[in-house]
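A structural walkthrough
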Amino acid sequence: MSESNEVLPLPQKRYYRQRAHSNPIADHSFEYPKHPNFMKWSVHYPGVLEDESCAKKVEFLDVGCGYGGLLVTLSPMFPENLILGLEIRVKVSDYVVDRIKALRSQNPGEYQNIACLRTNAMKYLPNYFKKGQLKKIFFLYPDPHFKKAKHKWRVINQCLLAEYAYVLGINGIVYTITDVKDLHDWMVKHFTEHPLFERLTSEDLDTDIIIEKLYASSEEGQKVSRNNGDKFLAVFRRIEDPYVND
Amino acid sequence: MVVKNWGQCIVFCSGHQLIIHNAEKTETITLPEAQSCENRNGKEHGNISNLCISKDSSLIAVSTENKQIVVFNKQLIVVKNFNVGRVSSQICFTPDNSLIVADKTGDVYLYNLSSEIISPLLLLGHMSVVLDVLVTDCGKYIITCDRDEKIRVSRFPNSYNIQSFCLGHKEFVIALKTIGNKLISASGDGTIKCWDYINGNELGMINVNESIDKQDIHKFCEEMNSEDIEVSALPITDMQLHSVDTHFFIGVSLFQQEKLLLYSMNSESFKVEFCKHIFVNSSYCFDLSGELLILTPEKL
Ligand SMILES: C[S@@+](CC[C@H](N)C(=O)[O-])C[C@H]1O[C@@H](n2cnc3c(N)ncnc32)[C@H](O)[C@@H]1O
């Protein structure tokens, strides 16, 4: 507890570099709750949740949050919402945890609504979140896994969309952005074909203050900008199941 | 090994043969040749890995280790014989006699057997091998469990819509049974759990390891730990369910245990009573549906 009084410097990112593509299907030894009821959220949001009896829950999720740029941008924009980043690479998630700790210590009372966990988002979402709990999910510059044999590692695929639909509430929003045209087409195809999602039109997007932040808030987005790369955006809404059971 | 009650008969399999036994005679059926050659893993016949019977008892289906599926009718005539893309891990019938096939990669497909050309429809996918699958009697839900600890309840046939997850097991989930809106599951963590599968709430639990010699559990855990696999319970290998009035009778077999354990669970209070051990003195498989069938390598 003594450390919480000192002002922490921002962590050095280079200490945490790790190979860019982790295999999300291999068995890593992850710590994860056996049921969402067992998750101790107050550890991650101590400034907001006094203990586990607090009703407030995570509503925004950044899947594969990388170095956490989007979390840091969203934090002051949505002070009332709890925002979580998930990252599979241990050193990267450690970096984000330290970064948030430092920001909280440098800016008392701020950055209390963001946190980062190390986990495999392709495997354990239902262990953390209850049905319909989330309002927004972000997939910013996900790993493209170019080779066809590795397409099943893509964090967007037909089967996983069912899990994202499960944790999202009706009218919840999924944001995707990538610099890889092929991956963009792939994501659009799978979301459009999925009966529980519909794509938002550009008029729908005009009123959403998050959209402009998707291009360059995150570290990967900034890298693409530096290289003058293209950016492809697609946003989807979780809708009611159109299926009628007679 | 699989053994099932089928009306007046008992069905089981041995290698690539299907054996049907009733009071009068025992019939042995060899599977027909697989449709095309490329899929066969170089083997003439694959051993039968799974066997399932339709709810109306009119069809019986088997899957083999070399990706073949054969469906027989009541007269034991082959009505379908086709290959699937990947080795299947489990098969089951829907109430309207379509066939569900789960494969080793975790994908679950629906095959409409009444159509002329048999083609798979992808229903859902897990991230690890699906160990059991069933469609509820009402036909509205498909329930799947996997090598991780997951039990997924999806709508059927709109299986992209997940109704609930039943989470709480600490190891792989090996077997599922439903009765009304309740689900009974068996796991490698040595427990049986009872769930309200509509909302995923856990209602009751049986720790089968409590009825087992502590030394057997200890020995197994030591063995596994020496191979760097951390376990704390003797895993369940199969579970069968039969319900009478207000009670579920649950039969359980455990790894390396030469006995079958029988429990009863009250379907309202979920109070559990241990009924008895049945010593089998050999490895075995069993079926429980009014009668108890036990199949060992030597006898039935
Ligand atoms: C290209 S980076 C983009 C990071 C960040 N969204 C950004 O825009 O800067 C993709 C990130 O997703 C992470 N990732 C990949 N698969 C994952 C999974 N299954 N669960 C959680 N994170 C994953 C990778 O470790 C990597 O940090």
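Residues numbered from 1 in each chain as written. Chains lettered and ligands numbered in written order. Predicted model: local features only at pLDDT ≥ 70, side-chain atom pairs only at ≥ 80, totals over all residues. Heavy atoms only, no water.

Some remarks on the sheet that holds strand S10 (residues 99-103) of chain B
All names here are of chain B.
- In space, the four strands of this open sheet follow the order S9-S10-S11-S12, with antiparallel pairing throughout. Lying at the two open borders of the sheet, with one neighbouring strand each, are strand S9 (88-93) and strand S12 (120-125). On average, each strand axis in the sheet is tilted by 25 degrees relative to the strand beside it, whichever way the strands run.
- Sheet analysis places S10 next to strand S11 (residues 107-111), joined by four bridges and oriented antiparallel. Considered in S11, the bridge of Val101 is made with Tyr109. (Pairing = 2+ DSSP bridges. Helix = DSSP H or I, 4+ residues; strand = E, 2+ residues; numbered from the N terminus. Axes fitted to C-alpha atoms, helices over the stretch in contact; angles between N-to-C directions.)

A short note on the nonpolar core
Residue and element names in this part refer to chain A.
- If you look at the biggest cluster of nonpolar residues, it comprises 49 residues, and the most contacted ones within it are Trp41, Leu84, Phe129, Tyr164 and Phe197.
- In this structure, Tyr164 is in contact with Leu125, Ile137, Phe139, Val155, Ile156 and Phe197, ignoring residues within four places of it in sequence.
- Counting 31 residues, the second-largest nonpolar core is a separate cluster that includes Tyr67, Leu70, Tyr95 and Val96. (Core = buried A, V, L, I, M, F, W, Y, C linked by side-chain atoms within 4.5 Å. Buried < 20%, exposed > 50% of the residue type's maximum accessible area, 1.4 Å probe, protein only. Contact = heavy atoms within 4.5 Å.)

Points about the site of the ligand
Residue and element names in this part refer to chain A.
- Near the ligand you find 18 residues, and of these Gly64, Glu87, Arg89, Asn120 and Ser218 are the closest.
- Here a nitrogen atom of the ligand sits 2.8 Å away from a polar atom, N or O, in the main chain of Gly64.
- Between Ala121 and the ligand, the recorded distance is 2.9 Å, taken from a backbone N or O atom to a nitrogen atom.
- Contact with the protein chains removes 93% of the 600 Å² of surface that the ligand exposes when unbound.
- At the level of elements, strand S2 (82-87), helix H3 (121-128) and helix H8 (219-226) are the ones that each hand at least two residues to the shell around the ligand.
- The residue makeup of the shell around the ligand, split by class, is eight nonpolar, five polar and five charged. (Near = heavy atom within 4 Å. Polar contact = N/O pair within 3.5 Å; in protein donor to acceptor, adjacent residues only side chain to side chain. Areas by Shrake-Rupley, 256 points an atom, 1.4 Å probe, with all protein chains shown as cover. Nonpolar A, V, L, I, M, F, W, Y, C, P; charged D, E, K, R; others polar.)

A word on the interface of chain A and chain B
- Contacts between the two partners involve 25 residues from chain A and, on the opposite side, 25 residues from chain B.
- Interface area lost by chain A to chain B is led by Lys34(A), Lys123(A) and Cys159(A), which between them contribute 24%.
- The partner of Glu149(B) in a salt bridge is Lys34(A), with the nearest N and O atoms 3.2 Å apart.
- Elements supplying a minimum of two residues to the side of chain A that touches chain B: H3 and helix H4 (158-167) of chain A.
- A per-element tally of the side of chain A that touches chain B places H4(A) first, with six residues.
- Here the residues of the side of chain A that touches chain B are counted per class, giving 14 nonpolar, five polar and six charged. (Buried area = accessible area lost by both parts, 1.4 Å probe. Salt bridge = Lys/Arg side-chain N within 4 Å of Asp/Glu carboxyl O.)

Observations concerning the environment of Phe139(A)
Residues and elements named next belong to chain A.
- Inspection of the secondary structure puts Phe139 in strand S4 (residues 134-140).
- Residue Phe139 is classed as buried on the basis of its relative accessible area, which comes to 1%.
- Sequence spacing of Phe139 and Thr176 is 37 residues, and the spatial spacing of their C-alpha atoms is 4.8 Å.
- Leaving out residues up to four positions away in the same chain, Phe139 has contacts with Val63, Val155, Ile156, Tyr164, Val174, Tyr175, Thr176 and Ile177.

Examining the UniProt feature "active site" (unreviewed entry) in chain A
- Look at the UniProt record and you will see "active site" (unreviewed entry) annotated at Asp143(A).
- One can find Asp143(A) in the loop between S4 and H4. (UniProt positions renumbered as here; feature names shortened; annotations may be inferred.)

Points about the packing of aromatic side chains
All names here are of chain A.
- As enumerated under the stated definition, the model contains 17 aromatic pairs over all chains in all.
- Judged by centre distance (4.9 Å) and plane angle (90 degrees), the ring pair of Phe191 and Phe197 falls under edge-to-face. For the pair Phe191 and Phe197, one class covers both residues: buried.
- Three or more aromatic residues joined by ring pairs form one cluster here, namely Trp41, Tyr45, Tyr128 and Phe129. (Phe/Tyr/Trp six-rings, centres within 6.5 Å; stacked < 30°, edge-to-face > 60°.)

Notes on the confidence of the model for chain A
- Mean pLDDT for chain A: 90, with 88% of residues reaching 70 or above.
- A low-confidence stretch, residues 14-21 of chain A stays under pLDDT 50, and its non-local contacts, those more than four residues away or across chains, total 18 contacts. (pLDDT = per-residue confidence, 0-100.)

Some thoughts on H3(A)
- Counting buried positions along H3(A) gives eight out of eight residues, so the element sits mostly inside the fold.
- Among all positions of H3(A), only Ala121(A), Met122(A), Lys123(A), Tyr124(A), Leu125(A), Pro126(A), Asn127(A) and Tyr128(A) are buried.
- Against strand S1 (58-63), S2, strand S3 (114-118) and H4 of chain A together with strand S16 (162-165) of chain B lie the buried residues of H3(A).
- Structurally, the start of H3(A) carries an N-cap: the backbone nitrogen of Met122(A) is 2.9 Å from a side-chain oxygen of Asn120(A).

What about the pairing of strand S22 (residues 247-254) of chain B?
All names here are of chain B.
- Counting buried positions along S22 gives six out of eight residues, so the element sits mostly inside the fold.
- Alignment of strand S21 (residues 236-244) against S22, held across eight bridges, turns out to be antiparallel. Bridge assignment links His242 to a residue of S22, and that residue is Phe249.
- Taken together, S21 and the strand that follows it, S22, pair antiparallel across an intervening segment of two residues, in which Asp245 is found at a positive phi of about 50 degrees.
- Of the pairings in the sheet, the one linking S22 to strand S23 (residues 259-266) comprises seven bridges and is antiparallel in character. Bridging across to S23, Ile250 finds its partner in Tyr263.

A closer look at the UniProt feature "binding site: S-adenosyl-L-methionine" (unreviewed entry) in chain A
Residue and element names in this part refer to chain A.
- In this numbering, the UniProt entry assigns the feature "binding site: S-adenosyl-L-methionine" (unreviewed entry) to Gly64, Glu87, Ile88, Asn120, Ala121, Leu140, Ser218, Glu219 and Glu220.
- If you trace the backbone, Ala121 turns up in helix H3.
- For Ala121, the residues in contact, after removing those within four places along its chain, are Val63 and Leu86.
- Here Glu220 is to be found in helix H8.

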